[in-house]
Amino acid sequence: MKRLIRAKAPLRVSFAGGGTDVPPFPQEEGGLVLSAAINRYAYGALAPRDDDTIGIESVDYGVSVDYDADHDLAFDGKLDLVKAAIHKLGRGGYDLFLHSNAPPGSGLGASSSVMVAVIGLLKEYHRLALTDYEIAEMAYTLEREELGIKGGLQDQYAAAFGGFNYIEMNHHVVVNPLRIPPDVVHELEHNMLLCFTGRTRRSDGIIDDQTQRFEKSDEAALEGLRMQKRLAGEMKDALLRRRLTEFGELLGTAWEFKKKMSPRITTGFIDEAYDAALSAGALGGKVTGAGGGGYMLFFCPFHRKHRVADTLIRMGGTVTEFEFAPNGLTTWSVDD
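Note that residues are indexed from 1 along each chain, following the sequence as it is written. Totals for whole chains, interfaces and linings use every residue, but because this is a predicted model, local features are given only for residues with pLDDT of at least 70 and side-chain atom pairs only at 80 or more, for both listing and counting. Side-chain measures here rest on the full set of heavy atoms in the structure, leaving out hydrogens and waters.

S.K.: Could you clarify how one ought to interpret the environment of L240 in this entry?
M.R.: Starting at the N terminus, helices and strands are each numbered in turn, a helix being any DSSP run of H or I of at least four residues and a strand any DSSP run of E of at least two. Here L240 is to be found in helix α8 (residues 219-240). Note: C-alpha distance between L240 and I180 (60 residues apart in sequence) is 6.2 Å. Two residues form a contact once any of their heavy atoms are found within 4.5 Å. Discounting chain neighbours no more than four positions away, the residues touching L240 are R179 and I180.

S.K.: Hey, could you run me through a negative patch on the surface in this one?
M.R.: Together, E134, E137, E145 and E146 line one region of the surface with negative charge. By secondary structure assignment, the location of E146 is in helix α4 (residues 132-146). Exposure remark for E146: the relative accessible area of 45% places this residue in the partly exposed category. Distance thresholds for patches are 9 Å for like charges and 5 Å for nonpolar side chains (Val, Leu, Ile, Met, Phe, Trp, Tyr), applied to residues having over 30% relative accessible area and no salt bridge. Each accessible area is a Shrake-Rupley estimate made with a 1.4 Å probe; only the visible protein chains count as cover when residues are assessed. A pair is scored as a salt bridge if a Lys or Arg side-chain nitrogen falls within 4 Å of a carboxyl oxygen belonging to Asp or Glu. In this charge count, Lys and Arg are treated as positive and Asp and Glu as negative; neither His nor the chain ends contribute. By convention, charge coordinates are those of NZ in Lys, CZ in Arg, CG in Asp, or CD in Glu. For each residue, the accessible area found with a 1.4 Å probe, counting protein chains only, is set against the maximum for its type, and the residue is called buried under 20%, exposed over 50%, and partly exposed in between.

S.K.: Please clarify how the environment of N327 should be interpreted in this entry.
M.R.: With respect to the element layout, N327 can be found in the loop between β11 (318-320) and β12 (330-335). Between the C-alpha atom of N327 and that of A158, which follows or precedes it by 169 residues, the distance is 9.7 Å. Filtering out sequence-adjacent residues up to four positions away, N327 remains in contact with P10, F161, G162 and G163.

S.K.: Can you help me understand the packing of helix α3 (residues 110-125) against helix α5 (residues 154-161) in this one?
M.R.: Helix-helix packing: each pair is described by the crossing angle between the helix axes and the interaxial distance. Lines are fitted to the C-alpha atoms to define the axes, a helix being fitted only along its stretch in contact, and any angle between axes, read from their N-to-C directions, falls within 0 to 180 degrees. At a minimum axis distance of 8 Å, the contact between α3 and α5 shows a crossing angle of 50°. As far as their axial angle goes, α5 and α3 are oblique. Considering only the axes of α3 and α5, their crossing is right-handed. For the pair formed by α3 and α5, the contact residues are S112, S113 and V116 on the first element and D155, Q156, A159 and A160 on the second. Put simply, angles under 35 degrees are roughly parallel, angles over 145 are roughly antiparallel, angles from 65 to 115 are roughly perpendicular, and the rest are oblique. Left-handed describes a crossing in which the near helix is turned anticlockwise from the far one by less than a right angle; the clockwise case is right-handed.

S.K.: Please clarify how the pairing of strand β1 (residues 3-16) should be interpreted in this entry.
M.R.: On a regular strand, each side chain points to the face opposite its neighbour's, so the side chains alternate between the two faces of the sheet. β1 sits mainly inside the fold: 11 of its 14 residues count as buried. One requirement defines pairing of two strands: DSSP has to find at least two bridges between them. Across six bridges, β1 lies against β12 in antiparallel orientation. Note on β12: the bridge partner recorded for L4 is V334. Relative to strand β2 (residues 31-48), β1 runs antiparallel, the two sharing 11 bridges. If you follow A7 over to β2, its bridge partner there is G44.

S.K.: Any chance you could explain the pattern of salt bridges here in plain terms?
M.R.: Pairs can form between side chains of opposite charge once their charged atoms are near each other. Tallying each qualifying case throughout the model produces 19 salt bridges. Across the pair R144 and D155 runs a salt bridge whose closest N-O atoms are separated by 3.9 Å. Of this pair, R144 sits in helix α4 while D155 sits in helix α5, and the two are 11 residues apart along the sequence. Pair check on accessibility: R144 and D155 agree, each one buried. Ionic contacts of the salt-bridge type, sharing partners, join the residues R12, E143, R144 and D155 into one network.

S.K.: Sorry, what's going on with unusual backbone geometry here?
M.R.: The phi torsion of most residues other than glycine is negative, and most of the peptide bonds are trans. Following P23, the chain continues to P24 via a peptide bond in cis, the omega torsion being 10°. Inspection of the secondary structure assignment puts P24 in the loop between β1 and α1 (25-29). Unlike most non-glycine residues, S217 shows phi in positive territory, near 60°. Tracing the sequence through the fold places S217 in the loop between α7 (204-215) and α8.

S.K.: Any chance you could explain the nonpolar core here in plain terms?
M.R.: As a rule of thumb, nonpolar side chains are buried together in soluble globular proteins. Of all hydrophobic cores here, the largest spans 38 residues; its most connected members are F15, F164, M192, F247 and F324. Going through the elements one at a time, β1, β2, β6 (164-169), α6 (182-191), β8 (192-196), α8, α9 (244-258) and β10 (295-299) are the ones with two or more residues in this core. Here, nonpolar core means buried Ala, Val, Leu, Ile, Met, Phe, Trp, Tyr and Cys residues that are tied together by side-chain atoms lying within 4.5 Å of each other. L81, V116, I135 and L142 belong to the second-largest nonpolar core, a separate cluster that totals 36 residues.

S.K.: Would you take a moment to explain the sheet that holds β11 for this structure?
M.R.: Think of a sheet as strands paired side by side through backbone hydrogen bonds, with each pair either parallel or antiparallel. Spatial strand order, β9-β10-β8-β11: four strands in an open sheet with antiparallel pairing. Two strands lie at the open edges of the sheet, namely β9 (284-287) and β11, each paired on one side alone. With strand direction ignored, the average angle separating the axes of adjacent strands in the sheet is 20°. Taken together, the three bridges between β8 and β11 define a ladder with antiparallel strand orientation. Paired with L194 across the two strands is T320, which belongs to β11. Across the sheet, α6 is in contact with β8 and β10; its angle to β8 comes to roughly 40°.

S.K.: In this structure, what is going on with empty space enclosed by the protein? I would like to understand it.
M.R.: Whether a set of points on the 1 Å grid over the protein atoms alone is a cavity depends on a 1.4 Å probe fitting there but being unable to get out, while an open set qualifies as a pocket with protein on both sides within 12 Å along at least five of seven lines; lining residues are those with an atom within 4 Å of a point. Grid points are joined across faces, edges and corners, and a volume is the space filled by probe spheres set on the points. Taken as a whole and assessed by the stated rule, the structure comprises one cavity of 30 Å³ or more. Approximately 50 Å³ is the volume attributed to the largest cavity. What lines the largest cavity is G19, V22, P23, P24, F25, Q210, T211, F214 and L225. In terms of residue count, the dominant contributor to the lining of the largest cavity is α7 (three residues).

So this is what it looks like as structure tokens:
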């Protein structure tokens with residue numbers, strides 16, 4: 001009887017601090033991010049085989065490939081996230097099946113959640129003991145350093161830990177889980193919505209531009225980054241003190257300062273959608289990732305939420321509600 005291994009790792013929304021997790025800022029000034037995992041996931045399944053072939057099927061990329069024992073799994077732009085994890089944790093004979101609730105480039109940290117889920121599967125297959133910190137650090141190293149995929153530190157830790165987190169980053173990372181009362185979590189879910197802008201984006205150009213501006217001491221970029229840190233702390237305090245109206249307004253403030261980090265962060269559609277949402281009753285909102293597309297997150301008083309949703313839908317956005325996910329990477333096994 002074969003042991004089938006399953007895994008899921010949550011995606012995340014970032015409330016404030018995004019950009020301060022992108023090197024070299026955290027090493028030079030220290031990064032701070034306030035984020036929360038949501039009930040959108042990267043899913044994975046591993047089925048052992050009787051030979052040494054590795055089969056990988058990715059629903060998100062529409063790719064299904066078999067690699068025999070002699071294949072070197074060289075990085076070629078196809079399934080490189082998975083190959084990197086296999087190189088790190090060891091080969092074997094198995095079929096991997098992967099899919100997620102959001103496309104790559106959605107701004108919800110999907111690619112990092114996929115990496116964390118794959119590490120979780122291989123950890124169980126090879127019966128390795130890894131902590132949440134070790135999984136997140138490995139995912140970051142493989143994705144950002146070995147594969148050279150541009151981005152920050154926060155996504156891998158959000159996927160591994162789950163829940164609401166206040167993440168401190170300098171020469172190492174400290175994840176501070178926040179004990180948000182259940183009624184506050186329910187009220188946040190009651191008052192927040194996600195809007196897909198209709199396009200995904202590659203964040204490379206945005207992140208490169210933001211990094212160059214920081215390294216050149218661009219005043220607007222520096223102000224935007226430093227305010228992200230301050231707002232992450234203020235929004236954390238607002239959550240813990242149950243001041244949700246203030247939290248919603250600060251979400252909008254965080255967006256105004258995020259745009260200072262690079263002119264590429266926003267687009268004409270994002271600006272129009274944001275202004276229309278506020279006119280319909282939203283207190284604040286922001287893009288959830290590096291910018292340029294993906295998802296927008298809004299905080300709306302509940303009695304106005306339907307008006308905000310209708311407005312965004314009329315503009316071509318896809319609106320969805322969501323819940324927060326208290327757990328990070330989860331693995332389990334079943335007998336086939």
